[in-house]
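# Observations on the model geometry
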Amino acid sequence: MGGRDPRSRALRAWLIKMARQSGQLTFCPRCAQVIDLDLPGRHRDGPAMGHILGLFDGGEELDPDNVRLEHTRCNSAAENRQRVVRRRMAAQTPTASRAW
Ligand SMILES: [Zn+2]
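Presented here is a report on the structure given in the accompanying data block. (Residues numbered from 1 in each chain as written. Predicted model: local features only at pLDDT ≥ 70, side-chain atom pairs only at ≥ 80, totals over all residues.)

Before going further, it helps to spend a moment on the nonpolar core. Among the nonpolar cores identified, the biggest contains eight residues, and these are Leu 15, Cys 28, Ile 35, Ala 48, Met 49, Val 67, Leu 69 and Cys 74. Those elements that place two or more of their residues in this core are strand S1 (47–51) and strand S2 (67–71). Apart from residues no more than four positions distant in its own chain, Val 67 is found in contact with Leu 11, Leu 15, Met 49 and His 51. (Core = buried A, V, L, I, M, F, W, Y, C linked by C-beta atoms within 7 Å. Buried ≥ 20, exposed ≤ 12 C-beta atoms within 10 Å, placed from the backbone. Helix = DSSP H or I, 4+ residues; strand = E, 2+ residues; numbered from the N terminus. Contact = placed C-beta atoms within 7 Å.)

So, in structure tokens, the structure goes:
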């Protein structure tokens, strides 16, 4: 989620830049495997931006202290679980139209 937001994209690019500059391997916090920063974000093993404190737990989507890199596949798996919750909430709360 958030991938279409330019601020979110910029934050992800910043995370990747910082990870590259560190000169150290980046490990996915969800599966503890190395993330290949050279893979495109759409690749399932590529770098995606995840949130330390989930958005539904009150985490800030664009807080640099609340974001981290994780695999796209690991991020998607986590977000699919969140999406179920979101759908339930959407059924109760009318929301603005989404871009897609
Ligand atoms: Zn992973």
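In this section: the pairing of S2. Burial runs high along S2: four of the five residues are buried. For S1 and S2, the ladder comprises five bridges, and the chain directions are antiparallel. Paired with Pro 47 across the bridge in S2 is His 71. (Pairing = 2+ DSSP bridges.)

This paragraph deals with the environment of Ala 48. Tracing the chain through its elements places Ala 48 in strand S1. C-alpha separation for the pair Ala 48 and Ser 76, spaced 28 residues apart in sequence, amounts to 9.0 Å. With sequence-adjacent residues up to four places away left out, Ala 48 is seen in contact with Gly 41, Glu 70, His 71, Thr 72 and Asn 75.

Let us look at helix H1 (residues 6–22). The end-to-end C-alpha distance of H1, which contains 17 residues, comes to 24 Å, matching closely the 24 Å that a straight helix rising 1.5 Å per residue would cover. Once H1 ends, the next one or two residues include Gly 23, with phi positive near 75°. (Expected span 1.5 Å × (residues − 1).)

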